[in-house]
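# Coordinate inspection notes
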Amino acid sequence: MTEIIDEILRLKHEKNAVVLAHNYQVPQIQDLADFVGDSLALAVQATKVETDTIIFCGVDFMAESALILNPQKTVVHPNPKAKCPMAAMVDVEGLRLAKKETPKAVVVSYVNTTADVKTETDICCTSANAVKVIKSLEEDTVLFVPDSNLGLYAQRYVPEKKFIFWPGYCHVHQDISVEQIRELKREFPDAEVLVHPECSPDVIDIADFVFSTEGMVRHCSSSASKEFIIGTEEGLVHRLKKENPGSIFHAIPDAVCPNMKKITLEDTLNALRNLEPRVVLSKEVIEKARAPLDKMVAIGRQD
Ligand code: 13P
Ligand code: SF4
């Protein structure tokens, strides 16, 4: 394993590439990456990269967003089979139909969508700024695509707007149950409960805090508490432990995103060796999908 990691580090330099990795990547990939973050932090970081090539260790829509925001760069996605099933719950034809039925609604798409869906979107958001994005809009009606849980969470803070929810969800966060959280709370009564807004409303109701993955990292490093129950994909716990060695973190049993874990060290090595598989999108898609992403990045984080 050390040989593969050494070779990746050598090739990064030789090929003038950076490795960006999502917080849910396996520990070895997080540790060799130049930058680890949530969807919003990664999108922002992609706009700051000075090298020619970005090796994107995350799911497909994240790598696509990196290219849309940096069309002049080479963006390599080490394993194109790493796809977000929630992003696949809405396609561009379906969205066009929904827009016809609700012509007055503004389309807010979670960044977990394909580039095609973004071409029919007014503004994107992530879990770190959904409420801020929706509050910035003049329109009274929001067509929120595709994560109904994130939409329902945002609606709590913008009750004056009417929401139309797409029936999408993240299977990893949907499967986190009230019983699991209650069980952990019984076992670790001093721990703060942090959950992701992709969780179901009943889980959100019993949490102490709701954050994006980066929001959780920020909170844990500044909280007076030193023990936390982490209601999101288990990969984040590696970073939390690394950055907060004096704190205790409890992951949710079985909260694993199999797609995030499809990217291996071998894939990353091959990606650097061959600069393949590349993310390819048409010029037209890039141009149309860029506007909602630029607006999202300009709004910034709320957590
Ligand atoms: P964030 O890391 O942006 O909070 O999102 C989590 C997620 O599920 C990305 O797929
Ligand atoms: Fe998609 Fe959920 Fe996996 Fe994130 S954790 S990539 S939203 S399936």
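In the block above lies the structure referred to throughout.
Before going into details, it helps to say that this report is about the structure given with it. (Residues numbered from 1 in each chain as written. Chains lettered and ligands numbered in written order. Predicted model: local features only at pLDDT ≥ 70, side-chain atom pairs only at ≥ 80, totals over all residues. Heavy atoms only, no water.)

### Considerations on the pattern of salt bridges
Heads up, the rule is: Salt bridges are identified by distance alone: a Lys or Arg side-chain nitrogen within 4 Å of an Asp or Glu carboxyl oxygen. Put simply, DSSP marks the helices as runs of H or I at least four residues long and the strands as runs of E at least two long, and each gets a number from the N terminus on. Burial classification: accessible surface area is computed with a 1.4 Å probe over protein chains only, and a residue below 20% of its type maximum counts as buried, one above 50% as exposed, and the rest as partly exposed.
Taken as a whole and judged by the stated rule, the model has 18 salt bridges. In this structure, the salt-bridge partner of Lys-261 is Glu-234, at a minimum N-O distance of 3.1 Å. Of this pair, Lys-261 sits in the loop between strand E12 (248-251) and helix H14 (265-274) while Glu-234 sits in the loop between strand E11 (227-231) and helix H13 (236-243), and the two are 27 residues apart along the sequence. For Glu-234, a relative accessible area of 31% puts it in the partly exposed group. Overlapping salt bridges, with partners in common, bring together Glu-7, Arg-10 and Glu-14 in one network.

### Regarding the sheet that holds E12
In any sheet, the strands associate via hydrogen bonds between backbone groups, in a parallel or an antiparallel arrangement. To keep it simple, the criterion reads: By definition, two strands form a pair when at least two bridges between them are found by DSSP. For this analysis, residues touch if any pair of their heavy atoms sits within 4.5 Å. Fitting a line to C-alpha atoms yields each axis, with helices limited to the stretch in contact; the angle taken between N-to-C directions then spans 0 to 180 degrees.
With parallel pairing, four strands are arranged side by side in an open sheet as E10-E9-E11-E12. Taken across any chain shown, the strands that pair with only one partner, and hence form the sheet edges, are strand E10 (209-210) and E12. Across two bridges, strand E9 (residues 192-195) lies against E10 in parallel orientation. When the sheet's bridge partners are listed, Leu-194 is paired in E10 with Phe-209. Each of E9, E11 and E12 is contacted by helix H10 (residues 178-187), which is oriented at about 155° to E9, the strand it contacts most.

### Details of H13
Using the following cut-off: This arc is taken over the directions from the axis of the helix to the C-beta atoms.
Buried residues of H13: Leu-236, Val-237, Arg-239 and Leu-240, and no others. Summarising the axial view, the buried residues of H13 lie within an arc of 160°, below the 170-degree limit, and thus occupy one face. In the core, the buried residues of H13 are packed alongside helix H2 (27-32), strand E2 (35-37), helix H12 (213-222), E11 and E12.

### Considerations on the site of ligand 2
Applicable threshold: By convention in these notes, a residue is near a molecule or strand provided one of its non-hydrogen atoms lies within 4 Å of it. Under the scheme applied here, ten amino acids are nonpolar (Ala, Val, Leu, Ile, Met, Phe, Trp, Tyr, Cys and Pro), four are charged (Asp, Glu, Lys and Arg), and all others, including Gly, are polar.
With respect to spatial proximity, the complete set of residues near ligand 2 consists of Tyr-24, Val-59, Cys-84, Pro-85, Met-86, Asn-112, Cys-170, Glu-198, Cys-257 and Met-260. Here the residues of the shell around ligand 2 sort into eight nonpolar, one polar and one charged.

### Focus: the packing of aromatic side chains
How we decide: Side-chain rings of Phe, Tyr and Trp, where Trp is taken by its six-membered ring, are said to pair if the distance between their centres is within 6.5 Å; with planes under 30 degrees apart they count as stacked, over 60 as edge-to-face, and otherwise as tilted.
Going through the model one piece at a time under the given rule, you end up with four aromatic pairs. Consider the rings of Phe-163 and Phe-165, whose centres lie 5.5 Å apart with planes at 25°: the pair is stacked. On the basis of relative accessibility, which here comes to 9%, the residue Phe-163 falls in the buried class. Residues Phe-228 and Phe-249 carry aromatic rings whose centres are separated by 5.4 Å and whose planes lie at 15° to one another, so their mutual orientation is stacked. Separated by 21 residues along the polypeptide, Phe-228 in strand E11 and Phe-249 in strand E12 bring together distant segments of the chain. The burial state of Phe-228 is the same as that of Phe-249; both residues are buried.

### Side note on the site of ligand 1
What counts, and what does not: For the purposes of these results, a polar contact is taken to be a pair of N or O atoms within 3.5 Å, where, inside protein, one atom must be able to donate a hydrogen and its partner to accept one; residues adjacent in sequence count only when each atom of the pair is a side-chain atom.
Not every one of the 13 residues close to ligand 1 is listed here, only the nearest: His-22, Ser-39, Ser-127, His-196 and Thr-213. The contact in question runs from an oxygen atom of ligand 1 to an N or O atom on the side chain of His-22, over 2.7 Å. Between ligand 1 and Ser-127, the relevant distance is 2.7 Å, taken from an oxygen atom to a side-chain nitrogen or oxygen of the residue. Counted by class, the shell around ligand 1 contains four nonpolar, seven polar and two charged residues.

### Quick word on the nonpolar core
What counts here: Residues enter a nonpolar core if they are buried and are Ala, Val, Leu, Ile, Met, Phe, Trp, Tyr or Cys, with the set joined through side-chain atoms within 4.5 Å.
Phe-56, Val-108 and Val-195 are the most contacted members of the largest nonpolar core, which totals 89 residues. At seven residues, helix H4 (residues 60-69) tops the list of elements feeding residues into this core. The contacts of Val-108, once residues within four sequence positions are left out, are Ile-123, Cys-125, Val-133, Ile-134, Leu-137, Val-142, Leu-143, Phe-144 and Val-145.

### Points about a negative patch on the surface
Selection criterion: A patch is a set of surface residues, each over 30% in relative accessible area and not in a salt bridge, joined within 9 Å for like charges and within 5 Å for the nonpolar side chains Val, Leu, Ile, Met, Phe, Trp and Tyr. Accessible surface area values rest on a Shrake-Rupley calculation with a 1.4 Å probe, where residue burial reflects the displayed protein chains alone. Charge counting follows a simple rule: Lys and Arg are positive, Asp and Glu are negative, and His as well as the terminal groups are ignored. Where a charge sits is defined by one atom per residue type, namely NZ (Lys), CZ (Arg), CG (Asp) or CD (Glu).
On the surface, Asp-122, Glu-138, Glu-139, Asp-140 and Glu-160 cluster together into a patch of negative charge. Tracing the sequence through the fold places Asp-122 in the loop between helix H6 (115-119) and strand E6 (123-125).

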